[in-house]
Amino acid sequence: MKITIITPCYNAEDYIEDTILSIINQCNDSLGNHYIEHIICDGSSQDRTVEIAERFIESKNDRYKSIIISEPDKGMYDALAKGLKRASGDIISYLNAGDLYEKGSFISILNEFKQIEVDWVTGRRILINEENIEIRNNLPYKYRNNLLLSGVYGKKIFVFLKLPFIQQESTFWRKEINKYINLNELSKFKLAGDYFIWSSFAQKDIDLKIIDKKIGKFKIHDNQLSSNRKSYESEVSIMSKKPNIFMFPLILIDLLGWIKSYKLSEIKNKKNIFKKL
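Residues numbered from 1 in each chain as written. Predicted model: local features only at pLDDT ≥ 70, side-chain atom pairs only at ≥ 80, totals over all residues. Heavy atoms only, no water.

Student: Please give an account of helix H4 (residues 105-113) that cites residues and values.
Tutor: In terms of burial, H4 is largely enclosed, as 7 of its 9 residues are buried. Every buried residue of H4 is listed here: Ser105, Phe106, Ser108, Ile109, Leu110, Glu112 and Phe113. (Buried < 20%, exposed > 50% of the residue type's maximum accessible area, 1.4 Å probe, protein only. Helix = DSSP H or I, 4+ residues; strand = E, 2+ residues; numbered from the N terminus.)

Here you go:
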């Protein structure tokens, strides 16, 4: 199988190399005869982003092939839509400049997609700082399609309590369900394109499988689009339906499940720290 990773970017010279290397580093012997296609969609950067990316076009690893598209675009999701049109892999994902993949994580992904009934997969939710140090790591509890379509995930439910987002960096899908994404509509989004993709799958009642594996890592750094939470929620609210009263028992049940998953993850993380000491 071939995995296609799309990286939309603009003026990302400080981050692009680490992201590329985290993809190339998946290409060890355990990858077998599987291949990686990396499509870098650059919005005509004014810095050294393209120059850095071009160093890896002639990668010594014959399981990795990069394609660079550098031209003006209308934003991240316009760039992503271009990449999805070019994608030729059996499995698809996208990773923004600065974000990383856990070493060896593609083996876990490939193993999951060997199962015919699996079309959409996500792993642990991992957050790292600018020094690539892990500052959060938890296993998602559950994602329900009806709650996803109601725009519940990521919104505050009670005071500070909320059902967390799907972590895009850890999420992969089979190419066959790409047809459910309206790429022309996707290209118009500024912030909530990930929600548009997930809701496109949820509308077709495709269940998201959660696996207890480290896959992708979201890096916190200055000037990233995800920091604009209010504008993101505004775009989501335009697409989503309001949750009905019958959903609130499910939301409460899931809140408790998520709280438990966080506590279990904290215990597991502490045990791993003690093992390293």
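Student: Outline the side chain of Ser240, supporting the account with residue identities and numerical values.
Tutor: Positionally, Ser240 belongs in the loop between helix H8 (229-239) and helix H9 (248-276). Residue classification places Ser240 among the buried residues on the basis of a relative accessible area of 14%. For Ser240, the residues in contact, after removing those within four places along its chain, are Leu149, Ser150, Gly151 and Tyr195. (Contact = heavy atoms within 4.5 Å.)

Student: Would you mind going over empty space enclosed by the protein in detail, with residue names and values included?
Tutor: According to the stated counting rule, one finds 2 cavities of 30 Å³ or more in the structure shown. If you add up the space inside the largest cavity, you get close to 70 Å³. If you trace the largest cavity, you find it lined by Leu148, Tyr153, Phe165, Ile166, Asp194, Tyr195, Trp198, Tyr232 and Val236. With 3 residues, helix H7 (residues 193-203) is the single largest residue contributor to the lining of the largest cavity. When the residues that make up the lining of the largest cavity are grouped by side-chain class, the tally is 8 nonpolar, no polar and 1 charged. (1 Å grid on protein atoms, 1.4 Å probe; cavity = no way out; pocket = protein on both sides within 12 Å on 5 of 7 lines; lining within 4 Å. Points joined across faces, edges and corners; volume = space filled by probe spheres on them. Nonpolar A, V, L, I, M, F, W, Y, C, P; charged D, E, K, R; others polar.)

Student: Account for the packing of aromatic side chains, with residues named and values stated.
Tutor: Counting across every chain of the model gives 12 aromatic pairs. On the numbers, 5.7 Å between centres and 40 degrees between planes, the contact of Tyr101 with Phe172 is tilted. Here Tyr101, found in strand E5 (residues 100-101), pairs with Phe172, found in strand E11 (residues 171-174); they are 71 residues apart in sequence, far enough to count as distant. For the pair Tyr101 and Phe172, one class covers both residues: buried. By the ring-pair criterion, three or more aromatic residues cluster together here, those being Trp120, Trp173, Trp198 and Phe201. (Phe/Tyr/Trp six-rings, centres within 6.5 Å; stacked < 30°, edge-to-face > 60°.)

Student: Lay out the pattern of salt bridges in plain terms, naming residues and giving numbers.
Tutor: Note that side chains of opposite charge can pair when their charged atoms are close. Enumeration according to the criterion identifies 11 salt bridges in this entry. Note that Lys209 and Glu112 form a salt bridge whose closest N and O atoms lie 2.7 Å from each other. With Lys209 in strand E12 (residues 209-210) and Glu112 in helix H4, this residue pair connects regions lying 97 residues apart in the sequence. One salt bridge connects Asp119 with Arg174, and the closest N-O pair in it is separated by 3.2 Å. (Salt bridge = Lys/Arg side-chain N within 4 Å of Asp/Glu carboxyl O.)

Student: Residue-level account of the sheet that holds strand E7 (residues 125-128), with values.
Tutor: Spatially, E5-E13-E7-E8 is the arrangement adopted by the 4 strands of the open sheet, whose pairing is mixed. Lying at the two open borders of the sheet, with one neighbouring strand each, are E5 and strand E8 (134-138). Inspection of the sheet shows E7 paired to strand E13 (residues 216-219) by 2 bridges, in the parallel sense. Counterpart to Ile128 in the pairing with E13 is Lys219. (Pairing = 2+ DSSP bridges.)

Student: So what about the sheet that holds strand E4 (residues 91-94)? Which residues, and what values?
Tutor: Pairing between the strands of a sheet is mediated by backbone hydrogen bonds and can be parallel or antiparallel. Taken in spatial order, the 7 strands make up an open sheet running E3-E2-E1-E4-E11-E6-E12, and their pairing is mixed. Each end of this open sheet is capped by a strand with a single partner; those strands are strand E3 (64-70) and E12. Bridge count for strand E1 (residues 2-9) against strand E2 (residues 35-42) is 8 bridges, and the pairing is parallel. Its bridge partner lying in E2, Ile3 is registered against Ile36. The strands touched by helix H1 (residues 16-24) within the sheet are E1, E2 and E3, with E1 carrying the most contacts at an inclination of about 175 degrees. (Axes fitted to C-alpha atoms, helices over the stretch in contact; angles between N-to-C directions.)

Student: Quick one: what's the story with the nonpolar core, residue by residue and with numbers?
Tutor: Ranked by size, the top nonpolar core spans 44 residues in total, and within it Trp120, Trp173, Leu186, Ile197 and Phe201 carry the most contacts. Ignoring anything within four residues of it in the chain, the contact list for Leu186 reads Tyr77, Leu80, Ala81, Leu84, Ile181, Gly193, Phe196 and Ile197. Membership of the second largest hydrophobic core comes to 30 residues, among which are Ile3, Ile24, Ile109 and Phe172. (Core = buried A, V, L, I, M, F, W, Y, C linked by side-chain atoms within 4.5 Å.)

Student: Can you lay out unusual backbone geometry for me, pointing to particular residues and giving the numbers?
Tutor: Trans peptide bonds make up most of the peptide bonds, and negative phi angles are found at most residues other than glycine. The phi dihedral of Asn11 is positive, around 50 degrees, even though this residue is not glycine. Examined against the element boundaries, Asn11 turns out to sit in the loop between E1 and H1. What makes Asn11 partly exposed here is its relative accessible area of 35%. If you check the backbone angles, Asn132 has positive phi at about 65 degrees while not being a glycine. As for its placement among the helices and strands, Asn132 is situated in the loop between E7 and E8.

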